[in-house]
Amino acid sequence: MYDSYLQHDVPQNNIVQRFFSQRWSAIVIEILMTIVITVAAGRAFDIFDPFDSSTKEPDAAQVVGVFPPAAETANHDISLRTVELAAADYSSQRQYAKAEAMYDLLIGAEPNNARYYYGRAIANNRAGDFVEAYRDRSKVLELEPWRHSAHVALCWYAGELGDYELALQHCNTFLDMRHGDWARMEALENRCWVYVEMGEYAPALADCNQVLSIDHSCSSKWCALAHYNLGRIMRAQDNIESALRHFDTAYRAGIAVRLEYVDLYLEIAQFYDTLGECWKASLNYERYLELVGKNADLVAQSRLSACQGVD
């Protein structure tokens, strides 16, 4: 289902690559930075039309702080590394549209650099754009076939897209190879999650319990996620006591390893909420709201206020 996607590849000797290979004045550097920002909003040509000879100087307020100061001085090279670091920084700050725009520029300059597709896949994944994340990670695997871990990420992305059979193919491909237990944990947990989504609880239990058998001290995010999925299975089977034990562990382990999977905290919060366990619900609602910020579900915000009022 992914074979028909448009490709990002462009000729190697392209205008973006030539741009990065030359020295430019400060004003041209500012124009590039403005384009980077406005590409994310789809307004690049409002600022600079390459077919229009009457180029105007962009508003300085639009370009402040895009690159480190050293990259904004006259007659200074704009290095690809500078752009890459800025892209990663935007991604870490959850400014995904800006990060993706910068990775677009990097890929335009070096279309066969797997690292740029990997970075953009991460930004797309965090933004919830799993179609683009799948395409970019597939490109990584095409460029670097030995990167077997790409199958684990592709398993996750395909699962998020609801294509569970494809997801299982990727997880199984990785697990059929020879890897150490710790390398296998992520694939096992991802496959457990896929099986839970499919309602196939027996293989899901086997996979998640195998994760727990590998990480005895529950010091990894995969252990936290395994307990989360085991809790979901127990809840679906009306084993509320066991579900609570797994959800309790999932929350504690998730906090300990700084897990940022928002669905875990929201779903656990809602479960405690339905049981009238306001204190535990509040803890999970708070972590959920901390992670999603202004994009938080309004009902979750309301329920947190209600629970805090009860406490």
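The model shown is predicted, which means the values in this text are computed figures rather than measured ones.

Novice: Lay out the overall build of the protein chain in plain terms, naming residues and giving numbers.
Specialist: When helices and strands are counted, the protein chain shows 16 helices and 0 strands. Evaluated residue by residue, the protein chain yields a buried proportion of 47% over its 311 residues. Counting only contacts in the protein chain whose residues sit at least 6 apart along the sequence, the fraction spanning at least 24 positions is 57%. Counting every atom, the protein chain has about 15900 Å² of accessible surface; 51% of that belongs to carbon and sulfur.

Novice: I'd like a rundown of the state of the cysteines, residues and numbers included.
Specialist: All told, the structure shown has 3 disulfides when counted by the stated rule. Between C155 and C171 runs a disulfide, and the two sulfur atoms are separated by 2.1 Å. Its S-S torsion of approximately -90° makes the covalent link between C155 and C171 left-handed. In this pair, C155 sits in helix α8 (residues 150-160) while C171 sits in helix α9 (residues 164-175), placing the two residues 16 residues apart along the sequence. In this pair, the class of C155 matches that of C171, namely buried. Covalently, C192 is tied to C208 through a disulfide, its sulfur atoms 2.0 Å apart. On the sign convention where negative means left-handed, the S-S torsion of about -100° between C192 and C208 marks this disulfide as left-handed.

Novice: An account of the nonpolar core is requested, with residue identities and associated values reported.
Specialist: Of all hydrophobic cores here, the largest spans 67 residues; its most connected members are Y157, Y261, L264 and Y288. If one sorts the elements of this core by residue count, helix α12 (residues 221-236) sits on top with 9 residues. The contact partners of Y157, leaving out residues within four places of it in the chain, are A121, N125, F130, A133, Y134 and R137. By size, the runner-up hydrophobic cluster in this structure holds 17 residues, among which are A86, Y96, L106 and I107.

Novice: Which residues make up helix α11 (residues 201-214), and what values do they have?
Specialist: For α11, which comprises 14 residues, the first-to-last C-alpha distance of 20 Å matches the rise-based estimate of 20 Å (1.5 Å per residue) to within 8%. If you follow the buried residues of α11, they end up packed against α10 (181-198) and α12.

Novice: Requested: an account of the packing of α12 against helix α13 (residues 240-256), with residues and values cited.
Specialist: Between α12 and α13, the least distance of the axes is 8 Å, while the angle of their chain directions is 160°. With respect to α13, the axis of α12 lies roughly antiparallel. Seen along the crossing, α12 lies across α13 with a hand that is left-handed. Contacts between α12 and α13 involve A224, H227, Y228, L230, G231, R232, M234 and R235 from the first element and S242, A243, H246, F247, T249, A250, A253 and G254 from the second. Here the residues of the contact of α12 with α13 sort into 8 nonpolar, 6 polar and 2 charged.

The rules we used
- Residues numbered from 1 in each chain as written.
- Predicted model: local features only at pLDDT ≥ 70, side-chain atom pairs only at ≥ 80, totals over all residues.
- Heavy atoms only, no water.
- Helix = DSSP H or I, 4+ residues; strand = E, 2+ residues; numbered from the N terminus.
- Buried < 20%, exposed > 50% of the residue type's maximum accessible area, 1.4 Å probe, protein only.
- Contact = heavy atoms within 4.5 Å.
- Areas by Shrake-Rupley, 256 points an atom, 1.4 Å probe, with all protein chains shown as cover.
- Disulfide = S-S within 2.5 Å.
- Core = buried A, V, L, I, M, F, W, Y, C linked by side-chain atoms within 4.5 Å.
- Expected span 1.5 Å × (residues − 1).
- Axes fitted to C-alpha atoms, helices over the stretch in contact; angles between N-to-C directions.
- Parallel < 35°, antiparallel > 145°, perpendicular 65-115°, else oblique.
- Left-handed = near helix turned anticlockwise from the far one by under 90°.
- Nonpolar A, V, L, I, M, F, W, Y, C, P; charged D, E, K, R; others polar.

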